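Coordinates in review
Now for the letters of each chain:
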Amino acid sequence: MLIYSTDPESKLTIGSQAHMAFESGCKWIQLNMPQCSDAVQRKNYVDEVMRFCKGSDIILTIGNDSDLVMETRVHGVHLDAASTPNAPVIRQQLGPHAIIGITSSSVCEIKELKLKADADYALLPLKSLEDAAKFIAELRAGSVTIPVVLRIESDTCVTNGLIHEILDSGANGLLYSSKSDNVGLEIQNILDATNSIKE
């Protein structure tokens, strides 16, 4: 599982980043809007992406804006660490079929939100793969089966070896964000590396 998360600080527009990800074969795009954008602009970003994704099997989620998820009827929302405690309320708002991703480095919090909010995945804000592996092992030892996603920083040199280490850590997916103009090529390299390991 690869999630491409648009970078609001990129020189590329939100729509351009999402389109490059889409054309590169990424099946999950998370839309993060510029903080200065108003409600109309934010909806326009989503509408633009939905137009070229129409008829595809791509998953679209939005960062931290459950109201916009309701309005646009995309697949779900990803909550940052500050918003994650609100997951149970957002589950009630969005209903049982929406995707809700949480961000947490607490085993107890993840376990609680899996139970109370039926969170669909947890993004770990951990930079060390060794720490990530220990954290995931602790989750699994506590019978917490929620899929775990690790972030790859945009300045990371992605190799088959790195992808192998990430998957060996017990992670179920990767989240990638980039300020580069070559987003499409970077995503294709990650997908190629992931597929070569699976084969």
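Numbers given to residues run from 1 along each chain, matching the order in which its sequence is written. Predicted model: local features are reported for residues with pLDDT of at least 70 only, side-chain atom pairs are reported and counted for 80 or more only, and whole-chain, interface and lining totals are derived from all residues. Hydrogens and water are ignored here; the side-chain numbers use all heavy atoms of the structure.

Describing the layout of surface pockets
Any residue with an atom within 4 Å of a point lines the site, the site being either a cavity, points on a 1 Å grid over the protein atoms alone where a 1.4 Å probe fits but cannot get out, or a pocket, an open set with protein on both sides within 12 Å along at least 5 of 7 lines. Grid points are joined across faces, edges and corners, and a volume is the space filled by probe spheres set on the points. Reported here for the largest pocket is a volume of approximately 860 Å³. Taken together, 36 residues form the lining of the largest pocket, with Ser 5, Asn 32, Leu 123, Arg 151 and Ser 177 sitting closest to its centre. Where helices and strands are cited, they refer to DSSP runs of H or I of at least four residues and of E of at least two residues respectively, numbered from the N terminus. When contributions to the lining of the largest pocket are tallied by element, the ones reaching two or more residues are strand 6 (121-124), helix 6 (129-141), strand 7 (148-152) and helix 7 (160-168). The element that contributes the greatest number of residues to the lining of the largest pocket is strand 7, accounting for three residues. In this classification, the charged set is Asp, Glu, Lys and Arg, the nonpolar set is Ala, Val, Leu, Ile, Met, Phe, Trp, Tyr, Cys and Pro, and all remaining amino acids, among them Gly, are polar. Split by residue class, the lining of the largest pocket holds 14 nonpolar, 14 polar and eight charged.

So, the pattern of salt bridges
Criterion for a salt bridge: a side-chain nitrogen of Lys or Arg within 4 Å of a carboxyl oxygen of Asp or Glu. Counted according to the given criterion, the structure contains nine salt bridges. Its salt-bridge partner being Asp 7, residue Lys 179 comes within 3.1 Å of it at the nearest N-O pair. In this pair, Lys 179 is assigned in the loop between strand 8 (173-176) and helix 8 (183-198) and Asp 7 in the loop between strand 1 (2-5) and helix 1 (14-23), connecting sequence segments 172 residues apart. Of the charged contacts in the structure, one is a salt bridge between Asp 47 and Lys 43, with a shortest N-O distance of 2.8 Å. Placement of both Asp 47 and Lys 43 in helix 2 (residues 39-53) is noted, with a separation of four residues, approximately one turn of the helix. Only protein chains enter the area calculation, which uses a 1.4 Å probe; residues under 20% of their type maximum are buried, those over 50% are exposed, and those in between are partly exposed. A residue is classified by how much of its surface remains accessible, and Asp 47, at 23% relative accessible area, is partly exposed. A cluster of three or more residues bridged by salt bridges with shared partners is formed by Asp 7, Glu 9 and Lys 179.

Digging into the pairing of strand 1
The two faces of strand 1 match: Leu 2 and Tyr 4 on one face and Ile 3 and Ser 5 on the other face are all buried. Sheet topology places strand 1 next to strand 8; three bridges connect them, and they run parallel. Considered in strand 8, the bridge of Tyr 4 is made with Tyr 176. Pairing between strand 1 and strand 2 (residues 28-31): two bridges, direction parallel. By the bridge assignment for strand 2, Tyr 4 is matched with Ile 29. The handedness rule is simple: strands pointing away from the viewer, and a clockwise path from the first strand over the helix to the second, make the crossover right-handed. With helix 1 bridging strand 1 and its parallel neighbour strand 2, the resulting β-α-β unit is right-handed. Two strands make a pair as long as DSSP finds a minimum of two bridges between them.

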